[in-house]
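# Structural features, examined
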Amino acid sequence: MDREADVTVTVSEIDRLHSQLSRLEGMFPGYRTEIVEGAIVMSPVKPHHAKTIRAVWNALEAQLSDEWDFISDVTIPFDDANEFCPDLAVIPRAESDKNLIAYSPDLIELAVEVVSPGSVRNDYEIKDRAYARRGIPHYLVLDPYKAHCLTLWNPGPDGYLGRDTLPYGKTVVVETGIGRLTVDTGGLPVDPAARA
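Residues numbered from 1 in each chain as written. Predicted model: local features only at pLDDT ≥ 70, side-chain atom pairs only at ≥ 80, totals over all residues. Heavy atoms only, no water.

### A short note on the environment of Val90
In this fold, Val90 is placed in strand β6 (residues 88–92). Along the sequence, Val90 and Leu107 sit 17 residues apart, while their C-alpha atoms lie 8.2 Å from each other. Ignoring anything within four residues of it in the chain, the contact list for Val90 reads Leu64, Trp68, Asp69, Phe70, Leu107, Ile108, Glu109, Leu110 and Ile178. (Helix = DSSP H or I, 4+ residues; strand = E, 2+ residues; numbered from the N terminus. Contact = heavy atoms within 4.5 Å.)

### A short note on helix α2 (residues 47–61)
Helix length check: α2, at 15 residues, gives a terminal C-alpha distance of 21 Å against a target of 21 Å (1.5 Å per residue), a fit within 8%. Buried within α2 we find His49, Thr52, Ile53, Val56 and Leu60. Projection of α2 onto a plane perpendicular to its axis shows the buried side chains occupying an angular sector of 100 degrees, all on one side. Facing away from the buried surface of α2 by more than 90 degrees, the exposed residues are Pro47 and Arg54. (Expected span 1.5 Å × (residues − 1). Buried < 20%, exposed > 50% of the residue type's maximum accessible area, 1.4 Å probe, protein only. Arc of directions from axis to C-beta.)

### A short note on the packing of aromatic side chains
For the coordinates displayed, the defined rule picks out 6 aromatic pairs. Residues Phe78 and Tyr131 carry aromatic rings whose centres are separated by 5.5 Å and whose planes lie at 25 degrees to one another, so their mutual orientation is stacked. Taken as a pair, Phe78 in strand β4 (residues 76–79) and Tyr131 in helix α4 (residues 120–133) lie far apart in primary sequence, 53 residues in all. For the residue pair Phe78 and Tyr131, the accessibility class agrees, reading buried in each case. Ring plane angle 80 degrees and centroid distance 5.8 Å describe the contact between Phe84 and Tyr131, whose orientation is recorded as edge-to-face. Within this pair, whereas Phe84 is found in strand β5 (residues 82–84), its partner Tyr131 is found in helix α4, the two being separated by 47 residues in sequence. Looking at Phe84, the relative accessible area reads 0%, which means it is buried. Its relative accessible area of 0% is what places Tyr131 among the buried residues. Three or more aromatic residues link up through ring pairs in this structure, and these residues are Phe78, Phe84, Tyr131, Tyr139 and Tyr160. One Lys or Arg, Lys146, reaches over the ring of Tyr124 and ends 5.2 Å from the middle of that ring. (Phe/Tyr/Trp six-rings, centres within 6.5 Å; stacked < 30°, edge-to-face > 60°. Lys NZ or Arg CZ within 6 Å of the ring centre and 35° of its normal.)

### Re the pairing of β4
In the sheet, β4 pairs with β5 via 3 bridges, with the strands oriented antiparallel. When the sheet's bridge partners are listed, Ile76 is paired in β5 with Phe84. Here β4 folds back onto β5 in antiparallel fashion, the turn holding 2 residues. (Pairing = 2+ DSSP bridges.)

### A word on the sheet that holds strand β8 (residues 138–143)
If you trace the 6 strands from one edge of the open sheet to the other, you get β3-β6-β7-β8-β9-β10, paired in mixed fashion. With one partner strand each, in any of the chains shown, β3 (68–71) and β10 (159–167) form the two edges of the open sheet. Strand-to-strand twist in this sheet, taken as the mean axis angle between neighbours without regard to direction, amounts to 20 degrees. As defined by bridge partners, β8 adjoins strand β9 (residues 148–156) across 6 bridges and the pair is classed as antiparallel. Paired with Val141 across the strands is Leu150, a residue of β9. Where α2 meets the sheet, its contacts fall on β3, β6, β7 (110–114) and β8, and the angle it forms with β7 comes to roughly 155 degrees. (Axes fitted to C-alpha atoms, helices over the stretch in contact; angles between N-to-C directions.)

### Focus on unusual backbone geometry
Backbone geometry places Ala147, a non-glycine residue, at a positive phi of 55 degrees. Tracing the backbone shows Ala147 in the loop between β8 and β9. Unlike most non-glycine residues, Asn154 shows phi in positive territory, near 60 degrees. Inspection of the secondary structure assignment puts Asn154 in strand β9.

What follows is the structure, encoded as structure tokens:
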């Protein structure tokens, strides 16, 4: 009896898509790639984007217990038409330690997006509805172009029912199921056009 057999490796459509997105990002440095409403969306990223993420990460990391961790720009498949890569997401450390290429949105306690010139509609409208529909308890939008922060909570089928907009310079407070989290927005970078 022949014990050797052909080994068939099946690559899922989602794995193929991840591979294509990775190649696109490699071909276009300085752009962030996501699937939004079935379309591949590439958004240019400016220095204020990374500086804001780093500042928020540092502020929140000091407040989280060891049971929680961050992922950043990692794929979160929502449905056939939407595969987001949150700028920052707080998930259980046991999950982040798995070092996967994709995570379930059901793991996210807090999603954070930093607005870039090409992501305004995605961050304020599309992700508001998508994150809320999946039950992500808290969503934070930081906007260096408007110099304000939008906090969203109480997810519903059409978006978040609770929302506050705070100008940069204030301390943002997010009352989560994992504790009270604060971010001082006073030192966050602001686009020069927003100051005019």
